[in-house]
Amino acid sequence: MKFVVFLMSEGEMPPWDEQTEEQQSVAMQRHDDFGAACQAAAGVTILAGEALDGMPTTVRTRAGERSVTDGPYAEVVEQLGGFYLIEAPDLATLLELTTLLPAYDLQISPVGEEEAS
């Protein structure tokens, strides 16, 4: 199964730009540890993963009118900092592996697994 893991916010940690170099180093090491654990786990592959930079662009269509706005809407995403696209045998395996990441708020969603009826 494929899953996308959204790194939604820093959770219990201060925002990235308010962290000390030591806190940032610890967080990056946790990402490295997560990557190594995924590589070592049977049937788990990180297919993609990136930190997001800059201000996002939001595109919405309402009543046939399209609007393009700089920035996210708070009700949709408070702070999406990055993502991983991961192939794993099941959600339980992935949930166990994500304990190695920094204490971020995460959203995990299956990707393209349901067949059309």
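Before any of the text, the structure's been laid out above.
Quick caveat: nothing in here was measured; it's all calculated off a predicted structure.

Caption draft 1: Structural context of the nonpolar core. Among the nonpolar cores identified, the biggest contains 14 residues, and Phe 34, Tyr 84 and Ile 86 are the most heavily contacted of them. For this core, the elements supplying multiple residues, two or more each, are strand E1 (2-9), helix H1 (21-40), strand E5 (82-87) and helix H2 (91-98). Apart from the residues lying within four places of it in its own chain, the contact partners of Phe 34 are Ile 46, Tyr 84, Ile 86, Leu 97, Thr 98, Leu 100 and Leu 101.

Caption draft 2: Looking closely at the side chain of Thr 98. Along the chain, the position of Thr 98 falls in helix H2. Since its relative accessible area comes to 10%, Thr 98 is described here as buried. Reaching out from Thr 98, the side chain makes a polar contact with the backbone oxygen of Leu 95 at a distance of 2.8 Å. Those residues in contact with Thr 98, other than ones at most four positions away along the chain, are Phe 34, Leu 106 and Ile 108.

Caption draft 3: Geometry of H1. The end-to-end C-alpha distance of H1, which contains 20 residues, comes to 28 Å, matching closely the 28 Å that a straight helix rising 1.5 Å per residue would cover. Among the residues of H1, those classed as buried are Gln 24, Ala 27, His 31, Phe 34 and Cys 38. For H1, the buried positions fall inside an angular range of 75° around the axis, keeping them on one side. Of the exposed residues in H1, those oriented more than 90 degrees away from the buried face are Glu 21, Glu 22, Gln 39 and Ala 40. Summarising the contacts, the buried residues of H1 are in contact with E1, strand E2 (45-51), E5 and H2.

Caption draft 4: Representation of the sheet that holds E2 in the model. The sheet built from four strands is open, its strands ordered E2-E5-E1-E6 with antiparallel pairing. Edge strands, defined here as strands with exactly one partner in the open sheet, are E2 and strand E6 (105-110). Each neighbouring strand pair of the sheet contributes to a mean axis angle of 15°, computed without reference to strand direction. As paired strands, E1 and E5 are joined by six bridges and run antiparallel to one another. Paired with Lys 2 across the bridge in E5 is Glu 87. Strands in contact with H2 are E1, E5 and E6; relative to E6, the strand with the most contacts, it is inclined by about 160°.

The rules we used
Residues numbered from 1 in each chain as written. Predicted model: local features only at pLDDT ≥ 70, side-chain atom pairs only at ≥ 80, totals over all residues. Heavy atoms only, no water. Core = buried A, V, L, I, M, F, W, Y, C linked by side-chain atoms within 4.5 Å. Buried < 20%, exposed > 50% of the residue type's maximum accessible area, 1.4 Å probe, protein only. Helix = DSSP H or I, 4+ residues; strand = E, 2+ residues; numbered from the N terminus. Contact = heavy atoms within 4.5 Å. Polar contact = N/O pair within 3.5 Å; in protein donor to acceptor, adjacent residues only side chain to side chain. Expected span 1.5 Å × (residues − 1). Arc of directions from axis to C-beta. Pairing = 2+ DSSP bridges. Axes fitted to C-alpha atoms, helices over the stretch in contact; angles between N-to-C directions.

So yeah, pure geometry; function would need other evidence.
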